[in-house]
Every structure is written in structure tokens, then in C-alpha cells.
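# Overview (structure and organization)
If you want the building blocks of each chain, they are given just below.
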Amino acid sequence: MPQSHFISSIFRKEVLDLSAYKVADAGGLIKLDAMENPYRWPEPVIKEWLDVIKEAEINRYPDPEARRLSATLKKIDGISGNLEMLLGNGSDEIIQLLLMALPTHAKVLSPSPGFVMYRQLSRCLGLDYIDIPLLSGDFDLDLPAMLEAIDKHQPSLIFLAYPNNPTGNLFSEISIRKIIEATPGLVVVDEAYAPFTDQSFIDVLGEYSNLLVMRTLSKLGLAGLRLGYIVGESSIIGELNKIRLPYNINTLTQITAEFALNNSDLFKQQTSQIRSERSRVLLEIRSIEGITTYPSEANFILFRTPPDKAASLFEMLKTKGILIKNLSPQGGLLLDCLRVTIGTPDENDAFLQALSSSFEQLNG
Ligand SMILES: *Cc1c(COP(=O)(O)O)cnc(C)c1O
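Predicted model, so just to flag it, every value in this text is computed and none were measured.

Definitions and limits used
- Residues numbered from 1 in each chain as written.
- Predicted model: local features only at pLDDT ≥ 70, side-chain atom pairs only at ≥ 80, totals over all residues.
- Heavy atoms only, no water.
- Near = heavy atom within 4 Å.
- Polar contact = N/O pair within 3.5 Å; in protein donor to acceptor, adjacent residues only side chain to side chain.
- Areas by Shrake-Rupley, 256 points an atom, 1.4 Å probe, with all protein chains shown as cover.
- Helix = DSSP H or I, 4+ residues; strand = E, 2+ residues; numbered from the N terminus.
- Nonpolar A, V, L, I, M, F, W, Y, C, P; charged D, E, K, R; others polar.
- UniProt positions renumbered as here; feature names shortened; annotations may be inferred.
- Pairing = 2+ DSSP bridges.
- Axes fitted to C-alpha atoms, helices over the stretch in contact; angles between N-to-C directions.
- Phe/Tyr/Trp six-rings, centres within 6.5 Å; stacked < 30°, edge-to-face > 60°.
- Lys NZ or Arg CZ within 6 Å of the ring centre and 35° of its normal.

### Describing the site of the ligand
- As a matter of local geometry, the ligand sits amid 14 residues, with Asp190, Tyr193, Thr216, Ser218 and Lys219 nearest to it.
- In this structure, an oxygen atom belonging to the ligand sits 2.9 Å away from a side-chain N or O atom of Asn165.
- Side-chain polar atom of Lys219 to an oxygen atom of the ligand: 3.1 Å apart, as the coordinates give it.
- Notes on the ligand: free accessible area 390 Å², of which the protein chains cover 94%.
- Among the secondary structure elements, those contributing two or more residues to the shell around the ligand are helix 5 (91-100) and helix 9 (218-222).
- For the shell around the ligand, the residue count by class is five nonpolar, five polar and four charged.

### Thoughts on the UniProt feature "domain: Aminotransferase class I/classII large" (unreviewed entry) in the protein
- Those places that UniProt annotates as "domain: Aminotransferase class I/classII large" (unreviewed entry) correspond, in this numbering, to residues 29-355.
- For residues 29-355, the end-to-end C-alpha separation is 15 Å, with 40% helix and 18% strand making up the annotated structure.

### Some details on the sheet that holds strand 12 (residues 325-326)
- Taken together, four strands build an open sheet; the order of strands is 9-10-13-12 and the sheet is antiparallel. Two strands close off the open sheet at either side, each with one partner strand: strand 9 (292-293) and strand 12.
- Pairing between strand 10 (residues 300-304) and strand 13 (residues 337-341): five bridges, direction antiparallel. Among the inter-strand pairings, Phe303 is bridged to a residue of strand 13, identified as Leu338.

### What to know about the sheet that holds strand 5 (residues 157-161)
- One open sheet holds the seven strands; their spatial order is 2-8-7-6-5-3-4, and the pairing between them is mixed. Edge positions in the sheet fall to strand 2 (83-88) and strand 4 (128-133), since each of these pairs with one other strand and no more. Averaged over all adjacent pairs, the angle separating strand axes in this sheet is 20°, with direction ignored.
- Two elements, strand 3 (residues 107-112) and strand 5, share two bridges in a ladder whose sense is parallel. What sits directly across from Val108, in strand 5, is Leu157.

### Comments concerning the packing of aromatic side chains
- Counted under the stated rule, the structure contains ten aromatic pairs.
- Ring geometry for Trp41 and Trp49: centres 5.3 Å apart, planes at 80°, overall edge-to-face.
- The rings of Trp41, Trp49, Phe259 and Phe267 are connected pair by pair, giving a single aromatic cluster.
- Positioned above the aromatic ring of Phe300, the side-chain terminus of Arg339 is 5.8 Å from the ring centre.

So this is what it looks like as C-alpha cells:
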């Protein structure tokens, strides 16, 4: 039996049809492609951290409930009453858990362009994934189209990233509320970029029993730890908890996250630096004639090149040692679009310098 027949006789069609989530190799390049916080910890903090880590009992299984860390996170976000929290190995794992809990042919709805894992994980599980285009001018929700799709498809789950990735904007709060009120299923407001905006649905949780708010420590500055969490009514979280792997948050992550959250001043300093750099970088890109920028409440900026220039510009930047993200191949509203993550002031300067010189070369 030829190998390809063997493979396709073993795996589900949904899996065979997928392509793996690709991560670009950043070897030697200034890495502005993945919404990471560019700052490491100061040496004294690293020393203190190592002292804490030294005590870790890695011969034992981790606390399956991560009680101490959960309590710290709940306190920080002001979670109480009938609300519960579930932790995941990154919020990606929580997205997977949510989808795994749905009926076999359930429908999942999300606006597009959006976060790719919603689609990837839905497809993999054989769910019916429906995406509704955002408005082309400002990437806000197309509320009539969303409400029509809700009415027609009766989705079990809706994902709304707030701010949205890869567009960087916040959807209108009124539209989100109307969607929560209209849908028969759950609405997950994905606040992966919470450290870079003042808006949140955390305080709205008490108003709607079908609302869940998901967050992650990745974009804050702990992408290597893999820790995400979701908050909602305890009856909903209880169901998700049944399918969570018992030790999904490892000991080192539990200890390190706890330590980091107790050093919150450090992160406040870093994220406010990133926020002010975001304004500077946005103005600088905007000053290049021919490039369109979009406002951002996240730690990245989406911008649009003249027609058919995105791929060349992306490659020219790479030649100059800078890795950003080319979104143009995704087509639709992202045609001719590139996305840059905000780095340190020096990295941003290098990017801006390379961008303007490449753009000149391209037009010269
Ligand atoms: C980055 C990102 C995530 C995933 O975060 P992890 O916690 O690192 O898995 C989830 N949602 C959105 C919108 C993101 O941009």
C-alpha cells in the first residue's frame, strides 16, 4: 500500500485538509512579527526569580487546579461572586477546549480578518466555521451582517477579539453587546491585547450569562510561559474543566507567573513604553506618502502598501534584517497589508529606517 493511501486511511479528512500553523524563522533578524514584548527582565529580577524557581518540586505533579495562581489572577482582575476562572496552556489551549466541548457539527462564528486559530481549531474538530467580513473602512463589526448570520446559523460559539488581531482596533461596544444579546450561544471576548488598551469586558461579565472573557500573559511579556485564562459563569467553566487535562499548567509556569504578577510594576513600565512607542511608530509610518496606517489599541500596527507592493516590501525589510508579517497572501481585506509588532525604541528606529528607504527604492 502506498504511504499516502496509508496516511489517508488513518487520519480524519479534516486533519488531512489542514496545513500546519507556520512560524517564520527569525534567526539573526530583528523580530517584529509575533506581538512579543521585546524586553527581558533586569538582572536583579532574574536573580530573584531563580531563587524562587530553585525551590520547585519538579519531581511532583503540579497543583492540578493551580489554586495559588488562580487566586492571584482573580484578585488582579477583580473576579468574584458567581464567576469562575479556568487556566490554559496559552489561550490557544482554551480555544481548543471550548471547541472540543461543542456538539459534533456545531457552528462557530467570527468576523474576518481575525485570529487564525479560531478557524484552524474549528476545522480540525470538524465544526462548521463561518466568518463574516468586517467593514472595509475601519474594520469595525458589520452588525447587520453579524445579526443576520446569528439568526440564520444559530452558532454555538462566537469569537470576538478585543482589540482584534490582525487589525488592531476595538470593535464598537454597542455592537458587541447587541451580538451577545442576540446569540443563542456563547460569546468569547478574547482580550489577548488587554495590556495595551484601557477598554475591557471584564466588568461586563456580570450582565450576561453567555459572555466569557479570555486573556493571556503572552502579549504582556510572558509568551514563553504559555499561560492563558478564561472567566465566566461557574456553571460554564465547570463543564470546560471536565475536559481540561489535569496538569495542563506545569509547575515552572505556575511559579513563574505568580512571581511575575507580583512584579507588576515592571510590566506596567514595559507596556506603557510600548504604548508610547506605538504612537510614535504610527505617526512615522503615516508620514510616508503612499502607505495607509490603521489606528491600533494593541502592540502592533497594520498598514497597507500601494497595490502589489506588500511582498516586495516585506522581502526588502527582511534583507535589511527586519522580520515583520506579510498578511497580503490572506487576501480579502488584508490584500497589500503588512503588520509590524512594536519593539524597543532602537528596533523601531531600525524598522522605520528600513521601511522608508525600501519604499523609496521600490518607487525609484
Ligand atoms: C496571540 C493571541 C492569542 C494566543 O495567545 P496564547 O495565550 O499565546 O496562546 C489568542 N488570541 C489572540 C487574538 C491573539 O492575538
